[in-house]
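Chains, contacts and geometry: an overview
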Amino acid sequence: MSEIVIICSSSDPASSNIASRLLELVEWEEHGDLRFHRSCCMLCIEGELVGLRNLEGMLDRMGLSPRLIVFASRHRSKESVAWLGGHFTGVVQEGSFELSRPAPYALKRLLIALQRHAPSTFRLSAEATHHGPVDLHTPSLFAEIGSCEQHWIDPAAGTAVARSILELERYEEHAGDPVLLGIGGGHYVQRQTELMLSRPVAFGHMFSKYQASMLSLDVMRRAAELSGASGVYLDGKSFRSEERRRLEDIASSLDLKVMSKKDVMSLL
């Protein structure tokens, strides 16, 4: 059976909030530690989600072969902004990198659903690729509530994320949209978010302007392969000319079309 597996953590207040709202919104059938609703399966674990290793092996031993893994999680920031969103996982450092397989169409669907369901006081965006798990071959994403205890336990925020996760059953409706890598902007990749919400385009791995200097040929090749990307969106306000040329040269060598915001906006 090919499921959407939702991973929640009892040690994460936002994750527990989302899990509680999921249980309230629809009927679930219990099978041991697993709960099933149509093609969704929910598993609650203890401990931090970002540090998980060999999750797919554990799921396989439970008889699960997911087509998508969704981590319901908290998001923490110093600004304590009320925020909802999602991102892919991976760590890029000088001289080394690890990237999991992203789920471009699922992230697009999540953001579209969150735009409808989010409380008016909450901001909405994707984030640049960051933290773990970094060893997943199954497409995955984090669906998060930010950014402090007050927001993590907000029932309205939990309901918005839970409803949006349930709508991921239909994420493949966006499968005709081209997939791009996104490079540039801040951590919250606001312009990439706006493009996903307004144009027929999806994004795989996204990297902020602060990560751009660590994007080697090998990193971009692997990010493009995992994402199924046909092009690269370069944020126009993020780079000096020398850095832009370096990234354009790498994209060209990988046969990835370089696109500006104007190029993406012209997509029909």
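As shown above, the structure is provided for reference.
Residues numbered from 1 in each chain as written. Predicted model: local features only at pLDDT ≥ 70, side-chain atom pairs only at ≥ 80, totals over all residues. Heavy atoms only, no water.

Once that is clear, we can look at helix α6 (residues 190-198). When α6 is considered as a whole, its buried residues turn out to be Gln192, Thr193, Leu195 and Met196. All buried residues of α6 project into a common sector of 165° when viewed along the axis, lining one side. (Buried < 20%, exposed > 50% of the residue type's maximum accessible area, 1.4 Å probe, protein only. Helix = DSSP H or I, 4+ residues; strand = E, 2+ residues; numbered from the N terminus. Arc of directions from axis to C-beta.)

What follows deals with the environment of Ser15. Position of Ser15 among the secondary structure elements: in helix α1 (residues 13-25). Among the residues examined, Ser15 registers a relative accessible area of 0% and is labelled buried. Along the backbone, Ser15 and Glu144 are 129 residues apart, and their C-alpha atoms lie at a distance of 8.0 Å. Side-chain polar atoms of Ser15 contact the backbone oxygen of Ala72, separated by 2.7 Å. (Polar contact = N/O pair within 3.5 Å; in protein donor to acceptor, adjacent residues only side chain to side chain.)

Below, the discussion takes up the pairing of strand β13 (residues 231-234). Side chains Gly231 and Tyr233 project from β13 onto one buried face, and the interleaved Val232 and Leu234 project onto a second face that is buried too. Pairing of strand β11 (residues 179-183) with β13 involves four bridges; the strand directions are parallel. Within β13, the residue paired with Leu181 across the bridge is Val232. Note that β13 and strand β14 (residues 257-259) share three bridges and pair parallel. (Pairing = 2+ DSSP bridges.)

On to the pairing of strand β1 (residues 4-9). Across the six residues of β1, six count as buried, placing the element largely inside the fold. Covered by surrounding structure in β1 are Ile4, Ile6 and Cys8 together with Val5, Ile7 and Ser9, the residues of both alternating faces. Sheet topology places β1 next to strand β4 (residues 40-45); six bridges connect them, and they run parallel. Bridge assignment links Val5 to a residue of β4, and that residue is Cys41. Pairing between β1 and strand β5 (residues 68-76): four bridges, direction parallel.

Let us look at the packing of helix α3 (residues 104-117) against helix α5 (residues 155-166). Orientation of α3 relative to α5, taken along the N-to-C sense of each, is 140°, at an axis distance of 9 Å. In terms of their interaxial angle, α3 and α5 are classed as oblique. Once α3 is placed against α5, the crossing between them reads as right-handed. In contact with Leu110, Ala113, Leu114 and His117 of α3, α5 contributes Ala160, Val161, Arg163, Ser164 and Ile165. (Axes fitted to C-alpha atoms, helices over the stretch in contact; angles between N-to-C directions. Parallel < 35°, antiparallel > 145°, perpendicular 65-115°, else oblique. Left-handed = near helix turned anticlockwise from the far one by under 90°. Contact = heavy atoms within 4.5 Å.)

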